Amino acid sequence: MMMLKYNLVLWVSLFAGLILYPLHTAKLVVTTEVSATGNKTEFIPLKKAGNLILVDATVDGVQGTFVFDSGAQGIVLNATYFRDSKKTFDTHSAGISTKKINKQTKKIDRFELGGLVFEKIKADVINLGHLENSRNIKIHGLIGAMLIKEFETTIDIRNLQMTMRPIDRKGNLLEQFNDTIKYHTQQKIRYANNIIVTTIPINGKDVCFCLDTGAEHNVIDYHNHNNIMETISVTNRKILRGAGEEKIEVLYGIMNQFYIEET
């Protein structure tokens, strides 16, 4: 076993969220319900802004920069650039503070990511202006895990490349591929409610974490069992912002026990 110490914030939420940035690459394998045209391997260039992973994509002819956010359930568009899009209805969703966020829903006719094309998919439309202001870049939206569900996806942070290899419904590669990369650790994941989750033992308790590449902080719910919370040394407070315009004051500290099995 490998024990790691992580800085994190405590947060009142429905689940504990954690993002782990690997030294070299991370591989995700899940199956899908959303289909993309094409059955060949795609190599998607990545960019970074702080801890955010960025990709270029096109929505109905509008090209822009998107945050790859595996904690998002689908596609989220920035209302700044899609004000006059085909909005179907007004609705609300819960954000990081569990308060409702005003959003609208748009039907995308054609979404292009590298050589992949997704057609007739729905997206939420919210204000992401604060995210742009904090990074001083244009962000047209967020891309969730829904779009990588048909692929074995390798995210290479060091070389800024995402490789998407198509798989069948059983998770088998459609193209033969000899993976020569040596991974330091392997962690089982599963797909729940359109997000990627994994279970990690902390001080004798199994904790369900969301693998959220769009989070810039490690976050855990303070309603967890006392065995888990007693491993955390709180150092101060800070303001945490969600995908919308909401923000919440949270406790900040260090988790002293975090185990991942070495391969």
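Rules behind the numbers
Residues numbered from 1 in each chain as written. Predicted model: local features only at pLDDT ≥ 70, side-chain atom pairs only at ≥ 80, totals over all residues. Heavy atoms only, no water. Helix = DSSP H or I, 4+ residues; strand = E, 2+ residues; numbered from the N terminus. Buried < 20%, exposed > 50% of the residue type's maximum accessible area, 1.4 Å probe, protein only. Core = buried A, V, L, I, M, F, W, Y, C linked by side-chain atoms within 4.5 Å. Contact = heavy atoms within 4.5 Å. Salt bridge = Lys/Arg side-chain N within 4 Å of Asp/Glu carboxyl O. Pairing = 2+ DSSP bridges. Polar contact = N/O pair within 3.5 Å; in protein donor to acceptor, adjacent residues only side chain to side chain. Phe/Tyr/Trp six-rings, centres within 6.5 Å; stacked < 30°, edge-to-face > 60°. pLDDT = per-residue confidence, 0-100. Disulfide = S-S within 2.5 Å.

## What to know about unusual backbone geometry
Moving on, step 1. A positive phi angle, near 55°, is found at Lys120, a position not held by glycine.
Moving on, step 2. As for its position among the elements, Lys120 is in strand β13 (residues 116–126).
Moving on, step 3. Judged by relative accessible area, which is 54%, Lys120 ranks as exposed.
Moving on, step 4. In the Ramachandran plot, Asn136 falls in the positive-phi region, its phi being about 55° despite a non-glycine side chain.
Moving on, step 5. Checked against the element boundaries, Asn136 lands in the loop between α1 (129–135) and β14 (141–143).

## Side note on the nonpolar core
Moving on, step 1. Core analysis: the biggest nonpolar cluster contains 31 residues, and Ile75, Leu77 and Phe111 have the highest contact counts within it.
Moving on, step 2. Broken down by element, this core gets its largest block of residues, 5 residues, from β13.
Moving on, step 3. Residues contacting Ile75, with those up to four places away along its chain left out, are Ile108, Phe111, Ile121, Ala123, Asp124, Leu142, Met146 and Leu147.
Moving on, step 4. In this structure, Val207, Phe209, Ile220 and Ile260 belong to the second largest nonpolar core, which totals 11 residues.

## With respect to the pattern of salt bridges
Moving on, step 1. This model, assessed by the stated rule, comprises 6 salt bridges.
Moving on, step 2. Across the salt bridge formed by Lys40 and Glu42, the nearest N and O atoms sit 2.8 Å from each other.
Moving on, step 3. The partner of Lys120 in a salt bridge is Asp109, and the shortest N-O contact between them spans 3.4 Å. Here Lys120, found in strand β13, pairs with Asp109, found in strand β12 (residues 100–113); they are 11 residues apart in sequence, far enough to count as distant.
Moving on, step 4. Look at Asp109 and you get partly exposed, because its relative accessible area is 26%.
Moving on, step 5. Among the charged side chains, a salt-bridge network with shared partners connects Arg110, Glu112 and Glu119.

## Side note on the pairing of strand β15 (residues 151–156)
For a regular strand, the rule is simple: side chains alternate between the two faces of the sheet.
Moving on, step 1. Of all 6 residues in β15, 6 are buried; the element is thus mostly enclosed.
Moving on, step 2. Burial along β15 is two-sided: Phe151, Thr153 and Ile155 and Glu152, Thr154 and Asp156, pointing in opposite directions, are all buried.
Moving on, step 3. The pairing of β15 with strand β16 (residues 161–166) spans 6 bridges and is classified as antiparallel. Note on β16: the bridge partner recorded for Ile155 is Met162.
Moving on, step 4. Between β15 and β16, which pair antiparallel one after the other, the connecting turn spans 4 residues, and Leu160 there sits at a positive phi close to 50°.

## Brief notes about the environment of Gln73
Moving on, step 1. Secondary-structure assignment places Gln73 in the loop between β9 (62–68) and β10 (75–78).
Moving on, step 2. C-alpha separation for the pair Gln73 and Ile143, spaced 70 residues apart in sequence, amounts to 8.6 Å.
Moving on, step 3. Among all residues touching Gln73, those that are not within four sequence positions of it are Met146, Asn193, Asn194 and Ile195.

## Here's the deal with the side chain of Ser70
Moving on, step 1. Looking at the element boundaries, Ser70 is found in the loop between β9 and β10.
Moving on, step 2. Within the structure, the side chain of Ser70 is placed 2.4 Å from the backbone oxygen of Leu211, a separation counted as a polar contact.
Moving on, step 3. Residue contacts for Ser70: discarding those within four places in its chain leaves Ile143, Ala145, Ile195, Ile196, Leu211, Asp212, Thr213 and Gly214.

## Quick word on the packing of aromatic side chains
Moving on, step 1. According to the stated counting rule, one finds 2 aromatic pairs in the structure shown.
Moving on, step 2. Every member of this aromatic cluster is reached through a ring pair, and the members are Phe66, Phe111 and Phe118.

## Considerations on the confidence of the model for the protein chain
Moving on, step 1. For the protein chain, the average pLDDT comes to 77, and 74% of its residues sit at 70 or higher.
Moving on, step 2. Ignoring residues within four places in sequence, the model shows residues 1–34, a span with pLDDT below 50, making 157 contacts including any to other chains.

## Section: the state of the cysteines
Moving on, step 1. One pass over the full model with this rule turns up 0 disulfides.
Moving on, step 2. Sulfur of Cys208: no disulfide; nearest cysteine sulfur belongs to Cys210 and is 8.3 Å away.
Moving on, step 3. The partly exposed category is assigned to Cys208, whose relative accessible area is 33%.

## As for the environment of Lys107
Moving on, step 1. Within the fold, Lys107 resides in strand β12.
Moving on, step 2. The exposure class assigned to Lys107 is partly exposed, which follows from its relative accessible area of 40%.
Moving on, step 3. Distance from Lys107 to Lys120, taken between C-alpha atoms, is 6.5 Å for residues 13 residues apart in sequence.

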